[in-house]
Amino acid sequence: MASITFKDIRKTYGENITVVHDINLDIADKEFIILVGPSGCGKSTTLRMLAGLEEITAGELYIGDTLVNDIESKDRDIAMVFQNYALYPHMTVFKNMAFGLELRKAPREEVERKVHEAARILDIEHLLNRKPKALSGGQRQRVALGRAMVRSPSVFLLDEPLSNLDAKLRNTMRSEITKLHKRLETTFIYVTHDQVEAMTMADRIVVMKDGYIQQVDTPQVLYDHPCNMFVAGFIGSPQMNMLPVTIERRGEAFVAVFGDLELPLPERATAEIIGPYVGREVILGVRPENLHDEQSSYMQAPGTKPFDAYVDLAEPMGSEVHLNLSVNGLPMIAKVPPRCKARDGDTVRLGLDCETIHLFDKETERNLFA
């Protein structure tokens with residue numbers, strides 16, 4: 001098994017196109033790390049440098065205690081699972097899974113044992129004599145995982161492995177991969193643009209944007225304490241509401257003024273943090289689930305400042321309702337219980353849980369409470 005260390009890793013194409021900027025990251029042995037971010041953020045390039053499929057422009061990359069910058073991909077003790085499965089169409093499932101072992105001239109008994117063991121774990125033993133064209137998308141993905149498993153690598157690399165599957169199958173395969181990681185006790189590094197995959201599977205998430213790491217932490221910490229507006233908006237679905245507000249002082253307390261609405265700031269908004277922003281505009285962030293409808297007990301809490309919102313679109317989701325709103329001319333989304341009967345064109349009364357808000361510097365976009 002192996003830990004992984006990125007030290008000032010950079011990737012540049014040509015003379016001046018840098019797609020990964022001086023990444024520093026320590027990944028523990030047996031950890032499940034997910035790199036997440038929008039298309040073009042550098043996450044797949046980072047994974048390919050680790051795999052040895054992209055040359056590292058600058059910096060040092062370690063697997064365990066070994067510097068691997070100049071070590072061939074085949075000698076890095078890693079296995080990679082691709083988005084398109086990369087199966088050989090003319091080979092059976094058994095042959096696809098055994099291919100890497102046979103290249104290494106492993107004994108036939110070892111090949112048989114490892115392939116059947118992996119197939120049993122992945123529930124594809126009954127498919128070993130079929131060819132890929134006779135398999136469903138989920139079965140092909142299991143074969144690709146099995147081909148990686150039989151090599152018993154120190155590190156698994158998975159590059160958007162579920163993006164070609166339908167929504168139901170993605171949910172199933174998410175849990176299968178998570179269980180597989182726990183069973184194999186191996187380091188997993190997984191790339192996706194889907195923040196739901198990241199939140200449900202990872203020990204830690206690496207959020208990337210424009211080739212830079214924005215924040216690295218557990219899913220819950222990223223959700224509760226995003227370091228900047230990008231992380232706050234990227235993690236969470238529906239995404240966090242962002243509202244321009246002006247900070248004002250009321251005696252010893254501070255409020256955020258939004259149109260004719262004054263929102264009291266939480267106790268963590270101390271004079272040291274908020275004082276320099278009095279009279280200035282900042283961005284207030286609030287998650288959709290922290291907007292409460294009239295039937296919520298929160299509305300009776302002391303200090304609640306209810307306000308009216310126009311419903312542009314009500315989306316019943318079964319277990320909840322998403323209200324797409326207009327408040328003082330700006331869009332917001334509220335996530336409310338299914339008992340809410342609001343419909344398109346209605347005006348609803350809402351309360352905002354001010355203890356859960358975030359404030360962001362308008363220029364730097366950093367979280368003032370981080």
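Anything mentioned here points back to the structure above.
Bear in mind that the values here come from a model prediction, so they are computed numbers and not experimental data. (Residues numbered from 1 in each chain as written. Predicted model: local features only at pLDDT ≥ 70, side-chain atom pairs only at ≥ 80, totals over all residues. Heavy atoms only, no water.)

Caption draft 1: Inspection of the pairing of strand β10 (residues 212-217) at higher detail. Note that strand β9 (residues 204-209) and β10 share 5 bridges and pair antiparallel. If you follow V207 over to β10, its bridge partner there is Q215. (Pairing = 2+ DSSP bridges. Helix = DSSP H or I, 4+ residues; strand = E, 2+ residues; numbered from the N terminus.)

Caption draft 2: Structural view of the sheet that holds strand β19 (residues 347-352). Here we have 5 strands laid out as an open sheet, ordered β15-β19-β16-β17-β18, and antiparallel in their pairing. If you trace the sheet from one side to the other, it starts and ends with β15 (291-293) and β18 (330-336), each paired once. Each strand axis lies, on average, 45 degrees off the axis of its neighbour in the sheet, ignoring direction. Examined bridge by bridge, strand β16 (residues 307-316) and β19 share 4 bridges and lie antiparallel to one another. (Axes fitted to C-alpha atoms, helices over the stretch in contact; angles between N-to-C directions.)

Caption draft 3: Focus on the sheet that holds strand β14 (residues 281-286). If you trace the 5 strands from one edge of the open sheet to the other, you get β13-β12-β11-β14-β20, paired in antiparallel fashion. The open sheet terminates on both sides in strands that have one partner only, identified here as β13 (261-264) and β20 (358-360). Pairs of neighbouring strands in the sheet enclose a mean axial angle of 45 degrees, with direction left out of account. For strand β11 (residues 241-250) and β14, the ladder comprises 6 bridges, and the chain directions are antiparallel.

Caption draft 4: Structural context of the nonpolar core. Residues M97 and I177 are the most contacted members of the largest nonpolar core, which totals 48 residues. Excluding its chain neighbours within four sequence positions, the residues that come into contact with I177 are F32, L145, L158, P161, L162, F188, Y190 and M201. Counting residues in each nonpolar core, the second largest holds 37 residues, with L291, F307, A314 and L352 among its members. (Core = buried A, V, L, I, M, F, W, Y, C linked by side-chain atoms within 4.5 Å. Buried < 20%, exposed > 50% of the residue type's maximum accessible area, 1.4 Å probe, protein only. Contact = heavy atoms within 4.5 Å.)

Caption draft 5: Focus on the pairing of strand β1 (residues 4-13). Bridge count between β1 and strand β4 (residues 58-63): 5 bridges; the pairing is antiparallel. Bridge pairing links I4 to I63 in β4. Note: β1 against strand β2 (residues 17-27), 7 bridges, orientation antiparallel. Along β2, the bridge assignment pairs I4 with I27.

Caption draft 6: Spotlight on helix α3 (residues 108-121). Between its first and last C-alpha atoms α3 spans 20 Å; for 14 residues at 1.5 Å apiece the expected length is 20 Å, and the two agree. Those residues of α3 that fall on the buried side of the exposure criterion are V111, K114, V115, A118, A119 and I121. The arc that holds the buried residues of α3, viewed along the axis, is 160 degrees, so those residues lie on one side. Along α3, the residues that are exposed and aim more than 90 degrees away from the buried face are E109 and R120. In this structure, the buried residues of α3 make contact with α2 (93-103), α4 (137-149) and α5 (167-184). At the C-terminal side of α3, D123 shows a positive phi close to 60 degrees. (Expected span 1.5 Å × (residues − 1). Arc of directions from axis to C-beta.)

Caption draft 7: Structural context of the packing of α2 against α4. Interhelical geometry of α2 versus α4 gives an angle of 30 degrees and a closest axis separation of 7 Å. As far as their axial angle goes, α4 and α2 are roughly parallel. In this structure, α2 crosses over α4, and the sense of that crossing is right-handed. Side by side, α2 and α4 meet where V93, N96 and M97 of the first sit next to V143, G146 and R147 of the second. (Parallel < 35°, antiparallel > 145°, perpendicular 65-115°, else oblique. Left-handed = near helix turned anticlockwise from the far one by under 90°.)

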